[in-house]
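Each chain is listed here by its residues.
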Amino acid sequence: MRSLVVLVTVLAAATAIPRERRQAEPDCFWWEPDCNNPVDPGGNTSPVPNNTVDTLVLCNGGAGSCVPYYLCREGDIVTDGAGLINIRFGNSTTGQSNSDCPQFLDVCCNNPTDEIPPTVDPYLPHCGQRNPQGVNARILGFKDNQAQFGEFPWMVAVLREEQVVSDKPVNLYVCGGSLIHPSVVLTAAHCVAAYKANELKIRAGEWDTQRTYELYPHQESKVNSYVVHEGYNSGALFNDYALLFLEQSLELGPNVDTICLPTADLNFQNSQCWATGWGKDKFGKDGTFQNVLKKIQLEVTTHKHCQTALRTTRLGKFFVLDDSFICAGGQPGVDTCKGDGGSPLVCQDPQDPSRYVQAGIVAWGIGCGEEGIPGVYANIPYGSQWILENAVSGLNKQNIPVGSYW
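Quantities reported herein were computed from a predicted structural model and do not represent experimental measurements.

(A) Region of the structure containing the overall build of the protein. Secondary structure assignment for the protein yields three helices and 20 strands. Buried positions account for 52% of the 406 residues belonging to the protein. Sequence separation of 24 or more characterises 69% of the internal contacts of the protein that already satisfy a separation of 6 or more.

As C-alpha coordinates, this is what we get:
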(Lines give C-alpha, C1' and ligand atoms only; values in the text may rest on other atoms or scores of the structure.)
Protein backbone atom coordinates (compact mmCIF):
# COMPACT_ATOMS: atom_id res chain seq x y z
CA MET A 1 0.00 0.00 0.00
CA ARG A 2 1.11 3.53 -0.53
CA SER A 3 2.52 5.38 2.44
CA LEU A 4 1.23 8.86 3.10
CA VAL A 5 3.28 11.70 4.50
CA VAL A 6 1.10 13.61 6.89
CA LEU A 7 1.14 17.35 6.55
CA VAL A 8 -0.58 19.35 9.25
CA THR A 9 -1.05 23.07 8.97
CA VAL A 10 -1.79 24.76 12.27
CA LEU A 11 -3.09 28.29 12.04
CA ALA A 12 -3.66 29.40 15.60
CA ALA A 13 -3.73 32.60 17.56
CA ALA A 14 -1.91 32.73 20.86
CA THR A 15 -5.21 32.47 22.68
CA ALA A 16 -7.54 30.90 20.11
CA ILE A 17 -7.62 27.51 18.43
CA PRO A 18 -8.72 27.66 14.77
CA ARG A 19 -10.69 24.54 14.00
CA GLU A 20 -8.78 22.67 11.33
CA ARG A 21 -8.57 18.96 10.77
CA ARG A 22 -5.45 16.92 11.37
CA GLN A 23 -4.39 14.17 9.01
CA ALA A 24 -4.21 10.57 10.11
CA GLU A 25 -1.57 8.12 8.86
CA PRO A 26 -3.45 5.43 6.91
CA ASP A 27 -2.84 3.26 3.90
CA CYS A 28 -5.58 4.62 1.66
CA PHE A 29 -8.27 7.22 2.44
CA TRP A 30 -11.51 8.18 0.68
CA TRP A 31 -9.97 11.39 -0.66
CA GLU A 32 -7.06 9.69 -2.49
CA PRO A 33 -7.34 9.20 -6.26
CA ASP A 34 -7.92 5.57 -7.28
CA CYS A 35 -8.64 4.56 -3.68
CA ASN A 36 -11.03 1.65 -4.19
CA ASN A 37 -10.66 0.10 -0.74
CA PRO A 38 -10.51 2.91 1.83
CA VAL A 39 -9.74 2.16 5.45
CA ASP A 40 -11.08 3.70 8.62
CA PRO A 41 -8.75 6.37 10.11
CA GLY A 42 -10.38 5.76 13.47
CA GLY A 43 -8.48 2.51 13.84
CA ASN A 44 -10.05 -0.13 11.57
CA THR A 45 -7.22 -1.04 9.21
CA SER A 46 -9.09 -3.69 7.24
CA PRO A 47 -10.18 -2.63 3.75
CA VAL A 48 -13.85 -1.92 3.18
CA PRO A 49 -15.21 -4.45 0.67
CA ASN A 50 -16.85 -3.12 -2.44
CA ASN A 51 -20.56 -3.87 -2.77
CA THR A 52 -21.04 -4.68 -6.44
CA VAL A 53 -23.54 -6.70 -8.42
CA ASP A 54 -20.86 -9.31 -9.07
CA THR A 55 -20.30 -9.91 -5.34
CA LEU A 56 -23.86 -10.06 -3.99
CA VAL A 57 -24.20 -11.98 -0.76
CA LEU A 58 -27.23 -14.25 -0.44
CA CYS A 59 -29.14 -14.33 2.83
CA ASN A 60 -32.34 -15.65 4.42
CA GLY A 61 -31.67 -19.12 3.07
CA GLY A 62 -31.07 -17.85 -0.44
CA ALA A 63 -34.42 -16.05 -0.68
CA GLY A 64 -32.82 -12.64 -0.33
CA SER A 65 -29.69 -10.65 -1.13
CA CYS A 66 -27.63 -8.18 0.88
CA VAL A 67 -28.14 -4.72 -0.59
CA PRO A 68 -27.56 -1.14 0.59
CA TYR A 69 -30.33 0.05 2.91
CA TYR A 70 -31.83 2.49 0.39
CA LEU A 71 -32.59 -0.29 -2.10
CA CYS A 72 -34.84 -2.16 0.35
CA ARG A 73 -38.48 -1.17 0.93
CA GLU A 74 -40.82 -3.19 3.12
CA GLY A 75 -38.43 -6.10 2.88
CA ASP A 76 -38.32 -6.19 -0.95
CA ILE A 77 -35.57 -4.97 -3.27
CA VAL A 78 -36.57 -2.06 -5.48
CA THR A 79 -34.85 -0.97 -8.65
CA ASP A 80 -35.57 2.76 -8.60
CA GLY A 81 -34.00 3.64 -5.24
CA ALA A 82 -37.23 5.26 -4.08
CA GLY A 83 -39.06 4.58 -0.84
CA LEU A 84 -38.57 5.10 2.86
CA ILE A 85 -37.28 2.48 5.25
CA ASN A 86 -36.47 2.46 8.94
CA ILE A 87 -33.34 0.59 9.89
CA ARG A 88 -33.00 -0.27 13.55
CA PHE A 89 -29.63 -1.91 13.96
CA GLY A 90 -30.02 -5.17 15.82
CA ASN A 91 -33.83 -5.25 15.54
CA SER A 92 -35.42 -5.69 12.11
CA THR A 93 -39.05 -4.65 11.79
CA THR A 94 -39.55 -6.83 8.69
CA GLY A 95 -38.54 -10.10 10.31
CA GLN A 96 -35.35 -10.17 8.24
CA SER A 97 -32.00 -10.44 9.98
CA ASN A 98 -29.16 -8.06 9.25
CA SER A 99 -26.63 -10.50 10.72
CA ASP A 100 -26.29 -12.35 7.38
CA CYS A 101 -24.85 -9.24 5.72
CA PRO A 102 -21.17 -8.44 6.23
CA GLN A 103 -21.31 -4.70 5.57
CA PHE A 104 -22.43 -2.09 8.09
CA LEU A 105 -25.26 -0.49 6.08
CA ASP A 106 -26.42 -3.57 4.14
CA VAL A 107 -29.75 -5.24 4.91
CA CYS A 108 -31.15 -8.62 3.94
CA CYS A 109 -33.89 -7.96 1.39
CA ASN A 110 -36.14 -10.19 -0.73
CA ASN A 111 -34.99 -10.57 -4.31
CA PRO A 112 -36.87 -8.36 -6.80
CA THR A 113 -39.75 -9.31 -9.02
CA ASP A 114 -40.48 -7.80 -12.41
CA GLU A 115 -41.96 -4.35 -11.94
CA ILE A 116 -42.16 -1.06 -13.81
CA PRO A 117 -40.28 1.66 -11.92
CA PRO A 118 -42.33 4.77 -11.19
CA THR A 119 -41.60 8.08 -12.88
CA VAL A 120 -39.34 10.29 -10.79
CA ASP A 121 -40.10 14.00 -10.74
CA PRO A 122 -37.16 16.27 -11.70
CA TYR A 123 -35.35 17.91 -8.80
CA LEU A 124 -36.17 21.58 -8.18
CA PRO A 125 -33.24 23.38 -6.55
CA HIS A 126 -34.02 25.71 -3.66
CA CYS A 127 -31.59 27.21 -1.18
CA GLY A 128 -31.80 26.12 2.43
CA GLN A 129 -33.69 22.85 1.83
CA ARG A 130 -32.82 20.61 4.75
CA ASN A 131 -33.81 16.94 4.51
CA PRO A 132 -34.25 15.87 8.15
CA GLN A 133 -35.64 12.48 7.07
CA GLY A 134 -32.70 11.93 4.73
CA VAL A 135 -32.91 11.42 0.97
CA ASN A 136 -35.07 8.38 0.09
CA ALA A 137 -34.20 6.59 3.34
CA ARG A 138 -34.03 7.43 7.03
CA ILE A 139 -31.69 5.48 9.29
CA LEU A 140 -32.75 5.04 12.91
CA GLY A 141 -30.45 3.95 15.70
CA PHE A 142 -27.56 6.25 14.81
CA LYS A 143 -25.51 7.42 17.78
CA ASP A 144 -23.28 10.43 18.35
CA ASN A 145 -25.38 12.85 16.30
CA GLN A 146 -24.78 11.45 12.81
CA ALA A 147 -26.66 13.31 10.09
CA GLN A 148 -28.92 11.55 7.62
CA PHE A 149 -27.72 11.14 4.04
CA GLY A 150 -28.43 14.39 2.19
CA GLU A 151 -29.81 16.09 5.30
CA PHE A 152 -27.56 19.13 4.82
CA PRO A 153 -27.00 19.25 1.03
CA TRP A 154 -24.98 22.47 1.18
CA MET A 155 -22.16 20.86 3.20
CA VAL A 156 -18.80 20.79 1.38
CA ALA A 157 -15.37 19.31 2.12
CA VAL A 158 -12.41 21.50 1.12
CA LEU A 159 -9.39 19.42 0.10
CA ARG A 160 -5.79 20.23 -0.77
CA GLU A 161 -4.09 18.43 -3.61
CA GLU A 162 -0.37 17.82 -3.15
CA GLN A 163 2.41 15.67 -4.52
CA VAL A 164 3.75 13.81 -1.51
CA VAL A 165 5.68 10.59 -2.04
CA SER A 166 4.37 8.97 -5.21
CA ASP A 167 3.86 10.06 -8.78
CA LYS A 168 0.14 10.51 -8.13
CA PRO A 169 -1.16 13.50 -6.13
CA VAL A 170 -3.03 12.94 -2.89
CA ASN A 171 -5.86 14.99 -1.43
CA LEU A 172 -5.52 16.17 2.16
CA TYR A 173 -8.53 17.36 4.11
CA VAL A 174 -8.36 21.08 4.87
CA CYS A 175 -11.73 22.28 6.22
CA GLY A 176 -15.48 22.33 5.75
CA GLY A 177 -17.44 24.82 3.68
CA SER A 178 -20.91 25.60 2.36
CA LEU A 179 -22.27 25.85 -1.18
CA ILE A 180 -23.90 29.23 -1.87
CA HIS A 181 -23.93 28.94 -5.69
CA PRO A 182 -23.20 26.00 -8.04
CA SER A 183 -19.82 27.67 -8.64
CA VAL A 184 -19.09 29.28 -5.23
CA VAL A 185 -18.16 27.84 -1.82
CA LEU A 186 -18.12 29.92 1.38
CA THR A 187 -15.52 28.92 3.98
CA ALA A 188 -13.19 30.38 6.60
CA ALA A 189 -10.24 32.49 5.54
CA HIS A 190 -7.98 30.71 8.06
CA CYS A 191 -8.58 27.48 6.13
CA VAL A 192 -7.29 28.58 2.73
CA ALA A 193 -5.18 31.73 3.11
CA ALA A 194 -1.92 29.77 3.17
CA TYR A 195 -2.60 27.89 -0.08
CA LYS A 196 -2.66 28.64 -3.79
CA ALA A 197 -5.98 28.22 -5.57
CA ASN A 198 -4.62 25.46 -7.82
CA GLU A 199 -3.79 23.39 -4.74
CA LEU A 200 -7.43 23.28 -3.61
CA LYS A 201 -10.50 21.32 -4.65
CA ILE A 202 -13.91 20.74 -3.11
CA ARG A 203 -16.19 17.74 -2.67
CA ALA A 204 -19.96 18.21 -2.37
CA GLY A 205 -22.63 15.63 -1.59
CA GLU A 206 -20.34 13.58 0.67
CA TRP A 207 -21.77 11.78 3.71
CA ASP A 208 -19.93 8.61 4.76
CA THR A 209 -16.27 9.28 4.01
CA GLN A 210 -15.24 5.63 4.27
CA ARG A 211 -17.85 3.94 2.09
CA THR A 212 -19.74 4.55 -1.14
CA TYR A 213 -23.26 3.51 -0.14
CA GLU A 214 -24.80 6.86 -0.99
CA LEU A 215 -27.79 6.78 -3.32
CA TYR A 216 -26.50 9.86 -5.15
CA PRO A 217 -22.77 10.28 -5.85
CA HIS A 218 -20.64 13.11 -4.55
CA GLN A 219 -19.24 15.73 -6.93
CA GLU A 220 -15.79 17.31 -7.08
CA SER A 221 -14.33 20.43 -8.65
CA LYS A 222 -10.97 22.13 -8.55
CA VAL A 223 -10.80 25.71 -7.32
CA ASN A 224 -10.22 28.29 -10.03
CA SER A 225 -9.59 31.22 -7.67
CA TYR A 226 -10.48 32.47 -4.23
CA VAL A 227 -10.80 35.75 -2.38
CA VAL A 228 -10.17 36.43 1.32
CA HIS A 229 -11.71 39.35 3.20
CA GLU A 230 -9.32 42.31 3.14
CA GLY A 231 -9.86 42.79 6.88
CA TYR A 232 -8.94 39.21 7.78
CA ASN A 233 -6.57 39.02 10.74
CA SER A 234 -4.64 35.74 10.83
CA GLY A 235 -3.84 36.13 14.53
CA ALA A 236 -7.20 37.05 16.04
CA LEU A 237 -9.24 35.70 13.08
CA PHE A 238 -11.31 38.86 12.61
CA ASN A 239 -13.35 38.82 9.35
CA ASP A 240 -12.74 35.11 8.81
CA TYR A 241 -14.45 34.93 5.40
CA ALA A 242 -13.30 33.41 2.10
CA LEU A 243 -15.02 32.59 -1.20
CA LEU A 244 -13.85 29.77 -3.47
CA PHE A 245 -14.72 30.00 -7.17
CA LEU A 246 -14.90 26.59 -8.85
CA GLU A 247 -13.53 25.51 -12.20
CA GLN A 248 -16.63 23.43 -12.86
CA SER A 249 -20.18 24.27 -11.75
CA LEU A 250 -21.87 21.58 -9.69
CA GLU A 251 -25.12 19.92 -10.71
CA LEU A 252 -27.71 20.61 -8.03
CA GLY A 253 -29.71 17.64 -6.78
CA PRO A 254 -31.14 16.06 -3.63
CA ASN A 255 -27.72 15.76 -1.96
CA VAL A 256 -26.08 18.86 -3.47
CA ASP A 257 -27.84 22.19 -3.10
CA THR A 258 -27.16 25.70 -1.79
CA ILE A 259 -27.67 27.38 1.58
CA CYS A 260 -29.53 30.69 1.80
CA LEU A 261 -27.67 33.81 2.92
CA PRO A 262 -29.14 36.22 5.48
CA THR A 263 -29.63 39.95 5.23
CA ALA A 264 -27.33 42.15 7.28
CA ASP A 265 -30.04 42.97 9.82
CA LEU A 266 -31.06 39.38 10.61
CA ASN A 267 -30.53 38.57 14.30
CA PHE A 268 -30.10 34.94 15.36
CA GLN A 269 -29.75 35.48 19.11
CA ASN A 270 -31.34 32.65 21.13
CA SER A 271 -32.09 30.70 17.94
CA GLN A 272 -31.66 26.91 17.90
CA CYS A 273 -29.27 26.20 15.03
CA TRP A 274 -27.27 23.34 13.52
CA ALA A 275 -23.56 22.92 12.90
CA THR A 276 -22.15 20.09 10.77
CA GLY A 277 -18.75 18.62 10.02
CA TRP A 278 -16.41 15.63 10.06
CA GLY A 279 -14.23 17.03 12.84
CA LYS A 280 -13.32 15.63 16.24
CA ASP A 281 -15.97 14.60 18.74
CA LYS A 282 -13.91 15.98 21.62
CA PHE A 283 -10.73 17.98 22.18
CA GLY A 284 -7.31 16.41 22.76
CA LYS A 285 -5.87 12.96 22.17
CA ASP A 286 -9.10 11.21 23.16
CA GLY A 287 -11.04 12.86 20.33
CA THR A 288 -11.65 11.04 17.06
CA PHE A 289 -12.65 12.29 13.62
CA GLN A 290 -16.01 11.29 12.19
CA ASN A 291 -16.60 9.01 9.20
CA VAL A 292 -20.28 9.91 8.84
CA LEU A 293 -21.17 13.60 8.75
CA LYS A 294 -22.15 14.72 12.25
CA LYS A 295 -24.63 17.36 13.32
CA ILE A 296 -25.06 19.21 16.59
CA GLN A 297 -27.79 21.57 17.73
CA LEU A 298 -26.59 24.78 19.34
CA GLU A 299 -28.21 27.92 20.69
CA VAL A 300 -26.83 31.24 19.47
CA THR A 301 -25.85 33.35 22.47
CA THR A 302 -25.81 37.13 22.80
CA HIS A 303 -22.60 38.99 22.08
CA LYS A 304 -22.42 40.23 25.68
CA HIS A 305 -22.93 36.77 27.19
CA CYS A 306 -20.26 35.26 24.93
CA GLN A 307 -17.69 37.94 25.72
CA THR A 308 -18.35 37.57 29.45
CA ALA A 309 -17.93 33.80 29.26
CA LEU A 310 -14.72 34.02 27.24
CA ARG A 311 -13.25 36.46 29.77
CA THR A 312 -13.36 33.66 32.36
CA THR A 313 -10.88 31.67 30.24
CA ARG A 314 -7.19 32.27 29.54
CA LEU A 315 -8.24 35.15 27.28
CA GLY A 316 -8.54 37.26 30.43
CA LYS A 317 -10.93 39.89 31.74
CA PHE A 318 -9.96 42.50 29.14
CA PHE A 319 -10.77 40.37 26.10
CA VAL A 320 -12.99 42.14 23.54
CA LEU A 321 -15.09 40.01 21.18
CA ASP A 322 -14.98 41.53 17.69
CA ASP A 323 -18.26 42.31 15.91
CA SER A 324 -17.26 39.94 13.10
CA PHE A 325 -17.97 37.02 15.46
CA ILE A 326 -21.08 35.38 16.84
CA CYS A 327 -21.16 32.58 19.40
CA ALA A 328 -23.19 29.42 19.92
CA GLY A 329 -23.25 26.58 22.40
CA GLY A 330 -21.83 26.38 25.90
CA GLN A 331 -23.31 23.04 26.93
CA PRO A 332 -20.70 20.53 28.13
CA GLY A 333 -19.68 18.07 25.43
CA VAL A 334 -21.78 19.73 22.70
CA ASP A 335 -19.61 21.80 20.36
CA THR A 336 -17.83 21.97 17.04
CA CYS A 337 -14.19 21.01 17.34
CA LYS A 338 -10.86 20.58 15.57
CA GLY A 339 -11.48 19.71 11.92
CA ASP A 340 -14.80 21.55 11.74
CA GLY A 341 -13.22 24.88 10.72
CA GLY A 342 -14.95 26.53 7.75
CA SER A 343 -18.14 24.50 8.26
CA PRO A 344 -21.50 26.27 8.39
CA LEU A 345 -23.74 27.13 11.32
CA VAL A 346 -27.30 27.28 9.94
CA CYS A 347 -30.59 28.42 11.45
CA GLN A 348 -34.20 28.44 10.35
CA ASP A 349 -35.18 31.67 8.63
CA PRO A 350 -37.36 33.59 11.14
CA GLN A 351 -39.47 34.84 8.24
CA ASP A 352 -39.74 31.45 6.50
CA PRO A 353 -39.14 28.48 8.85
CA SER A 354 -39.28 26.04 5.93
CA ARG A 355 -35.81 27.10 4.81
CA TYR A 356 -32.42 27.48 6.49
CA VAL A 357 -29.99 30.38 6.29
CA GLN A 358 -26.32 30.46 7.24
CA ALA A 359 -25.60 32.31 10.46
CA GLY A 360 -21.92 31.54 10.96
CA ILE A 361 -18.71 29.81 9.91
CA VAL A 362 -16.82 27.65 12.43
CA ALA A 363 -13.78 29.71 13.42
CA TRP A 364 -12.23 29.06 16.84
CA GLY A 365 -12.82 28.12 20.45
CA ILE A 366 -11.26 27.54 23.86
CA GLY A 367 -11.05 23.77 23.84
CA CYS A 368 -14.19 21.96 22.68
CA GLY A 369 -17.41 21.53 24.58
CA GLU A 370 -16.26 23.24 27.77
CA GLU A 371 -19.18 23.94 30.11
CA GLY A 372 -20.34 27.53 29.85
CA ILE A 373 -17.87 28.42 27.06
CA PRO A 374 -19.51 28.94 23.64
CA GLY A 375 -17.78 28.25 20.34
CA VAL A 376 -16.94 31.24 18.15
CA TYR A 377 -18.11 31.63 14.54
CA ALA A 378 -17.58 34.18 11.78
CA ASN A 379 -20.72 36.35 11.73
CA ILE A 380 -22.47 35.92 8.37
CA PRO A 381 -25.01 38.79 8.69
CA TYR A 382 -22.11 41.10 9.62
CA GLY A 383 -20.15 40.02 6.52
CA SER A 384 -23.12 39.54 4.18
CA GLN A 385 -22.47 42.64 2.07
CA TRP A 386 -18.85 41.62 1.46
CA ILE A 387 -19.90 38.05 0.68
CA LEU A 388 -22.57 39.05 -1.84
CA GLU A 389 -20.53 41.76 -3.56
CA ASN A 390 -17.48 39.53 -3.98
CA ALA A 391 -19.52 36.50 -5.03
CA VAL A 392 -21.16 38.51 -7.80
CA SER A 393 -17.86 40.06 -8.84
CA GLY A 394 -16.09 36.71 -8.99
CA LEU A 395 -18.87 35.10 -11.03
CA ASN A 396 -18.88 38.00 -13.47
CA LYS A 397 -15.12 37.61 -13.98
CA GLN A 398 -15.72 33.98 -14.98
CA ASN A 399 -18.75 34.92 -17.13
CA ILE A 400 -21.00 32.72 -15.01
CA PRO A 401 -24.64 33.79 -14.50
CA VAL A 402 -25.33 34.89 -10.93
CA GLY A 403 -28.88 33.57 -10.84
CA SER A 404 -30.90 33.45 -7.61
CA TYR A 405 -29.27 30.67 -5.63
CA TRP A 406 -28.95 32.35 -2.24
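(B) Summary view of the pattern of salt bridges. One pass over the structure, following the stated rule, counts seven salt bridges. For E220, the salt bridge goes to R203, with nearest N and O atoms at 2.5 Å. In this pair, E220 is assigned in strand β13 (residues 219-228) and R203 in strand β12 (residues 200-204), connecting sequence segments 17 residues apart. Residue E220 is classed as partly exposed on the basis of its relative accessible area of 29%. The buried category is assigned to R203, whose relative accessible area is 5%. In this structure, D340 engages K294 in a salt bridge whose closest nitrogen and oxygen atoms are separated by 3.3 Å. With a gap of 46 residues between them, D340 in the loop between β17 (325-328) and β18 (344-349) and K294 in strand β16 (residues 294-299) connect regions that are remote in the sequence. Note on accessibility: D340 and K294 belong to one class, buried. Here the salt bridges share partners, and the residues they tie into one network are K201, R203, E206 and E220.

(C) A look at the packing of aromatic side chains. Applying the stated criterion across every chain yields a total of eight aromatic pairs. Aromatic pair F319 and W364: ring centres 6.1 Å apart, planes at 85°, arrangement edge-to-face. Taken together, the residues span a long stretch of sequence, with F319 in the loop between α2 (303-310) and β17 and W364 in strand β19 (residues 352-365) at a distance of 45 residues. Accessibility classification places F319 together with W364 in one group, the buried group. Here a set of aromatic residues connected by ring pairs shows up, and it is made of F152, W154, W274 and Y356. Over the aromatic face of W274 sits the side chain of R130, whose NZ or CZ is 4.7 Å from the ring centroid. Between the NZ or CZ atom of K295 and the centre of the ring of W274, over which it lies, the distance is 5.3 Å.

Rules used throughout
Residues numbered from 1 in each chain as written. Predicted model: local features only at pLDDT ≥ 70, side-chain atom pairs only at ≥ 80, totals over all residues. Heavy atoms only, no water. Helix = DSSP H or I, 4+ residues; strand = E, 2+ residues; numbered from the N terminus. Buried < 20%, exposed > 50% of the residue type's maximum accessible area, 1.4 Å probe, protein only. Contact = heavy atoms within 4.5 Å. Salt bridge = Lys/Arg side-chain N within 4 Å of Asp/Glu carboxyl O. Phe/Tyr/Trp six-rings, centres within 6.5 Å; stacked < 30°, edge-to-face > 60°. Lys NZ or Arg CZ within 6 Å of the ring centre and 35° of its normal.

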